[in-house]
Amino acid sequence: MSTIKNVALETATLVERDQKYLWHPYTQHKTAALPIAIAKGEGALLWDENGKEYIDAIASWWVNPYGHSNRFIADAIYKQLTTLEHVLFGGFTHEPAVLVAEKLMEILPKNQQKIFFSDNGSTAVEVAIKVALQYFFNKGEKRTTIIAFENAFHGDTFGAMAASGISFFVEAFEGMFIDVVRIPVPVKGHEQESYDALQNVINTKNCAAFIFEPLVLGAAGMVMYEPKSLEVLMQICKENQVFNIADEVMTGFGKTGRNFATDYVTNKPDMMCLSKALTGGTIPMAITTFTQDLYDAFYDDDINKALFHGHTFTANPTGCAAALASLTLLQTDEMQSNIVRIHDNHKVFEKRIKNHPKIVTTRILGTIIALEVVTDGAASYYGSLRNKLYDFFIANGVVLRPVGNIVYVLPPYVISDEQLQKVYQVIENALEIV
Ligand SMILES: *Cc1c(COP(=O)(O)O)cnc(C)c1O
C-alpha cells in the first residue's frame, strides 16, 4: 500500500472506510443512510464512535438476551480459546459439545433426543428440511412438499428461502425452489381458514413437513397467533405423519416467556431450529434437534442413508463454550425474573398506549411487545413511515427497527426498568411526529 493511501486512510472516518469496501445486509446502498459505527457495548447499551449512547431495544436482531460484552460468557470463551479453540467434528468430539447437548436436554421437550450443530438460523432450517425430505427418501416414500406460513421468515439460504414467504426477499429466485405450499397464519378470526388450508394441502400433495415460527412471526412484524391454534395445526400434521418443524430461531430461550414457544402447546415438534440467542449474541452457532425416530431413519448399515451434511465449523468448541455459558445464564433466577419483569413493564405500557389515536393494535408475548402504528397507505417494509420512525428512534438514542408500520420492542433481558421506560417514552414521542 502506498504512503499516500495510508495518510488518506488515517484521516478518513470509520464510516467512510466502511463505504469503500463493505456491502451490508438488506441494504440498498444507493439510497440507504450511512451506517453508525458502534465502538462499545455493555448491558443493554451501545456507544458509537463519537460516544453517543443508544439503548439496544431489539437485542441486536434478537441475539443478545444477557447484555453486550457479557463477562461471564466472555470468560468462558477465553478459557475455551486458550484450551481448544477448534477441532473438526468429523471423527472427533469434545467436552463442550457434549455439555451443550446435555444442558439442552434439560430444557428441550422430552421427545427431542438428538442434536445437530451448524452455524446460523438459516443452516439450522436447511438441516431440518433436508432431514425431513431424506427421511422419506430413506424409507422409499415419495414426499417432497414442505408446508409453510404466508409471510414466514426462515432465513436466506436456498431451502430456508424457499420456506420464507416475504416476497421481496425471494422474488428474484421464484421458480428455482423446492416445492413449498403456503397456508395463512391462524391470526384472530382466520383460524379455521388456516386449519382448512393445511388439511387441504395434506390431502392433495405428498407433504413431508410443516415448518412454522411458533406463536410469533418475527420478520413479518411480530405477527402473533394463539397456542390453541398451533395445537390444532400440529395435531393435523401429527395425524397425517407430516413432520412438525418448529423454527424457534427467534422465539427460543425465553423470549416468549417460556424457554421455547412450543412449551405453550402439548403437541411436541419433531424438529426444532435454534440459533440467535443460543450463544448470547457472541459467536455464530445453530442447532437443529430431532426425535429418536428421525435419527433412526438414517441409522443403517447402508452409508447412503446417512445425513451427508456438515459445515467446517460444526460444533466449534468456542461456540459451544459460549452456548453453555448462555444456557447457564438463562437458567438463573435473575434472568428468569428479568423475563417476567420485562413482560410486566410491557403490560403497563400497553395499557397506557393502546388507546392512543396513532395506535391501531398492540400485542404482547413474553418479552415482545408490538405496536401497529396508523398509516394512510399500505406501509411497506422499508417505506417512508418506517424510515421516519427509525430515524427518530436513532436520533433519540434508541435502537428500534420497525417493520413497516409495526414498532416492536424485544430487549436484552438485562435491560433496566429505567432504560425500558426511556424506550417507551421515545416511542410515545415518535407518535407525535408521524
Ligand atoms: C433470523 C431467523 C432465521 C435465520 O437466521 P440467520 O442466523 O439470520 O440465518 C431463521 N428463522 C427465524 C425464525 C429467524 O428469526
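All of these numbers come straight from a predicted model, not from anything done at the bench.

### Points about the pattern of salt bridges
Part 1 of the argument: For the structure on display, the rule yields seven salt bridges.
Part 2 of the argument: The shortest N-O distance in the salt bridge between lysine 103 and glutamate 106 comes to 3.9 Å. Of this pair, lysine 103 and glutamate 106 both sit in helix α5 (residues 95–107), three residues apart, which is roughly one turn of the helix.
Part 3 of the argument: Here lysine 103 falls in the buried class, since its relative accessible area comes to 18%.
Part 4 of the argument: Close ionic contact of aspartate 179 with lysine 205 constitutes a salt bridge, the shortest N to O distance being 2.9 Å.

### Topic: the domain arrangement of the chain
Part 1 of the argument: Domains assigned within the chain are domain 1 (36–69 + 333–431) and domain 2 (73–330).
Part 2 of the argument: Here the C-alpha centre of domain 2 lies 27 Å away from the C-alpha centre of domain 1.
Part 3 of the argument: Taken together, the contact pairs 23 residues of domain 1 with 28 residues of domain 2.
Part 4 of the argument: Here domain 1 and domain 2 share an interface that buries about 2,100 Å² over both sides, 70% of which is from carbon and sulfur atoms.
Part 5 of the argument: Run the count over domain 1 and domain 2 and you get zero salt bridges.
Part 6 of the argument: Remark: the boundary between domain 1 and domain 2 carries nine residue pairs in polar contact (both at pLDDT 80 or more).
Part 7 of the argument: Sorting the residues of the side of domain 1 that touches domain 2 by element identifies α3 (59–62), α13 (333–353), β13 (359–365), β14 (368–373) and β16 (406–409) as the ones contributing at least two each.
Part 8 of the argument: For the side of domain 1 that touches domain 2, the residue count by class is 18 nonpolar, four polar and one charged.

### A short note on the site of the ligand
Part 1 of the argument: By nearness alone, every residue bordering the ligand is listed as Trp62, Asn120, Gly121, Ser122, Phe153, His154, Gly155, Glu213, Asp247, Val249, Met250 and Lys276.
Part 2 of the argument: Contact distances for the ligand include 2.8 Å between an oxygen atom and a backbone N or O atom of glycine 121.
Part 3 of the argument: One nitrogen or oxygen atom from the side chain of lysine 276 is found 2.7 Å from an oxygen atom belonging to the ligand.
Part 4 of the argument: Out of a free accessible area of 380 Å², the ligand has 84% covered by protein chains.
Part 5 of the argument: Tallied by class, the residues present in the shell around the ligand amount to four nonpolar, five polar and three charged.

### Some thoughts on the state of the cysteines
Part 1 of the argument: All told, the structure shown has zero disulfides when counted by the stated rule.
Part 2 of the argument: Here cysteine 273 stays free of any disulfide, with the sulfur of cysteine 237 as its closest cysteine sulfur at 15 Å.
Part 3 of the argument: According to the relative accessible area criterion, cysteine 273 is buried, its value standing at 0%.

### Structural notes on the nonpolar core
Part 1 of the argument: Formed by 100 residues in total, the largest nonpolar core has its most connected members in Phe149, Phe253 and Leu400.
Part 2 of the argument: Here the element with the most residues in this core is helix α12 (residues 317–330); it accounts for eight residues.
Part 3 of the argument: Each of domain 1 (36–69 + 333–431) and domain 2 (73–330) contributes no fewer than three residues to this core.
Part 4 of the argument: Leaving out residues up to four positions away in the same chain, phenylalanine 253 has contacts with Leu104, Ile107, Asn259, Phe260, Leu274, Ser275, Ala277, Leu278, Leu327, Leu330 and Tyr413.
Part 5 of the argument: Val125, Val131, Ala148 and Phe290 belong to the second largest nonpolar core, which has 29 residues in total.

### A few points about the packing of helix α4 (residues 71–81) against α12
Part 1 of the argument: Contact geometry for α4 and α12: axes closest at 8 Å, N-to-C directions at 150°. The orientation of α4 relative to α12 falls into the category roughly antiparallel. Considering the relative orientation of α4 and α12, their crossing is right-handed. When α4 is examined against α12, the residues Phe72, Ile73, Ala76, Ile77, Gln80 and Leu81 are found in contact with a partner set consisting of Pro317, Thr318, Ala321, Ala322, Ala325, Ser326, Thr328 and Leu329.
Part 2 of the argument: Looking at the contact of α4 with α12, its residues break down into 10 nonpolar, four polar and no charged.

### Observations regarding helix α6 (residues 121–138)
Given 3.6 residues to a turn, an α-helix orients residues that are three or four positions apart in the same direction.
Part 1 of the argument: Between its first and last C-alpha atoms α6 spans 25 Å; for 18 residues at 1.5 Å apiece the expected length is 26 Å, and the two agree.
Part 2 of the argument: Among the 18 residues of α6, 15 are classified as buried, and the element is accordingly described as predominantly covered.
Part 3 of the argument: You can read the cap of α6 off the contacts: a side-chain oxygen lies 3.0 Å from the backbone nitrogen of serine 122, and it is on asparagine 120.
Part 4 of the argument: Glycine 140 sits one or two positions beyond α6 and adopts a positive phi of about 75°.

### Topic: the side chain of threonine 251
Part 1 of the argument: Along the chain, threonine 251 turns up in the loop between β10 (243–247) and β11 (271–274).
Part 2 of the argument: Overall, threonine 251 belongs to the buried group, its relative accessible area being 1%.
Part 3 of the argument: Of the polar contacts made by the side chain of threonine 251, one reaches the side chain of glutamate 248; its length is 2.9 Å.
Part 4 of the argument: Non-local contacts of threonine 251, meaning those with residues more than four positions away in its chain, are made with Pro214, Val216, Thr256, Asn259 and Ala261.

Rules behind the numbers
- Residues numbered from 1 in each chain as written.
- Predicted model: local features only at pLDDT ≥ 70, side-chain atom pairs only at ≥ 80, totals over all residues.
- Heavy atoms only, no water.
- Salt bridge = Lys/Arg side-chain N within 4 Å of Asp/Glu carboxyl O.
- Helix = DSSP H or I, 4+ residues; strand = E, 2+ residues; numbered from the N terminus.
- Buried < 20%, exposed > 50% of the residue type's maximum accessible area, 1.4 Å probe, protein only.
- Domains from an automatic or database assignment.
- Contact = heavy atoms within 4.5 Å.
- Buried area = accessible area lost by both parts, 1.4 Å probe.
- Polar contact = N/O pair within 3.5 Å; in protein donor to acceptor, adjacent residues only side chain to side chain.
- Nonpolar A, V, L, I, M, F, W, Y, C, P; charged D, E, K, R; others polar.
- Near = heavy atom within 4 Å.
- Areas by Shrake-Rupley, 256 points an atom, 1.4 Å probe, with all protein chains shown as cover.
- Disulfide = S-S within 2.5 Å.
- Core = buried A, V, L, I, M, F, W, Y, C linked by side-chain atoms within 4.5 Å.
- Axes fitted to C-alpha atoms, helices over the stretch in contact; angles between N-to-C directions.
- Parallel < 35°, antiparallel > 145°, perpendicular 65-115°, else oblique.
- Left-handed = near helix turned anticlockwise from the far one by under 90°.
- Expected span 1.5 Å × (residues − 1).

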